[in-house]
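Coordinates in review
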Amino acid sequence: MPTVIILAGNIKIEVYSKDHNPPHIHAIYAEYEVLIEIKTGNVYSGDLPGKKLRIAREYVLANQTKLLALWNLKNQSTR
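Below is a short write-up of the structure. (Residues numbered from 1 in each chain as written. Predicted model: local features only at pLDDT ≥ 70, side-chain atom pairs only at ≥ 80, totals over all residues. Heavy atoms only, no water.)

**Notes on the overall build of the protein chain**
Counting secondary structure elements, the protein chain contains 2 helices and 5 strands. N-terminal to C-terminal, the α/β element order of the protein chain is β-β-β-β-β-α-α. For 79 residues, the compact-globule formula gives about 12 Å, and the C-alpha radius of gyration of the protein chain, at 11 Å, lands near that figure. Of all 79 residues assigned to the protein chain, the portion counted as buried reaches 32%. In the protein chain, the proportion of contacts linking residues at least 24 apart, taken out of those at least 6 apart, comes to 33%. In the structure as shown, the protein chain presents an accessible area of about 4,600 Å², 52% of it carried by carbon and sulfur atoms. Both charge centroids of the protein chain, one from 10 positive and one from 7 negative side chains, sit 7 Å from each other. (Helix = DSSP H or I, 4+ residues; strand = E, 2+ residues; numbered from the N terminus. Rg over C-alpha atoms; globule rule 2.2 N^0.38 Å. Buried < 20%, exposed > 50% of the residue type's maximum accessible area, 1.4 Å probe, protein only. Contact = heavy atoms within 4.5 Å. Areas by Shrake-Rupley, 256 points an atom, 1.4 Å probe, with all protein chains shown as cover. Lys, Arg positive; Asp, Glu negative; His and termini not counted. Charge placed at Lys NZ, Arg CZ, Asp CG, Glu CD.)

**Concerning the environment of I13**
Structurally, I13 can be placed in strand β2 (residues 11-14). What makes I13 buried here is its relative accessible area of 0%. Each C-alpha atom of the pair I13 and L35 lies 9.8 Å from the other, and the pair is 22 residues apart in sequence. With sequence-adjacent residues up to four places away left out, I13 is seen in contact with P2, T3, V4, I5, L7, I25, H26, A27, A56 and Y59.

**Observations concerning the nonpolar core**
Counting 16 residues, the largest nonpolar core has I13, I25, A27 and I36 as the members making the most contacts within it. Where this core is concerned, the elements lending two or more residues are β2, β3 (24-29), β4 (32-37), α1 (50-62) and α2 (64-74). In terms of residues, this core owes the most to one element, α1, which gives 4 residues. Residue contacts for I36: discarding those within four places in its chain leaves P23, H24, I25, A27, G41, N42, Y44, L53, A56, R57 and V60. (Core = buried A, V, L, I, M, F, W, Y, C linked by side-chain atoms within 4.5 Å.)

**Some remarks on α1**
Taking 1.5 Å of rise per residue, 13 residues should cover 18 Å, and α1 covers 18 Å from first to last C-alpha, within 8% of that figure. Listed in full, the buried residues belonging to α1 are K52, L53, A56, Y59 and V60. Taken end-on, α1 shows its buried residues confined to a sector of 130 degrees, consistent with a single buried face. What points out from α1, more than 90 degrees from its buried face, is the exposed set G50, K51 and A62. Looking at the packing, one finds that the buried side of α1 touches β1 (3-7), β2, β3, β4, β5 (43-47) and α2. (Expected span 1.5 Å × (residues − 1). Arc of directions from axis to C-beta.)

This is the structure:
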């Protein structure tokens, strides 16, 4: 299961196996999805409504070490 946590009741934070670089998370809310780089908190691709994006980015930046370790574990062959 790729879901790491659900924020604010409806924003899924996911880390996929065999995913592409740079290390990132997928934040999903309703029909929106955004990829956020773990090391910088920058949006890599996609879109999320303003408040939802802020919540997702804050989570990524506050949990960089844990998320990067998880991404590396799930993506050992893509490094």
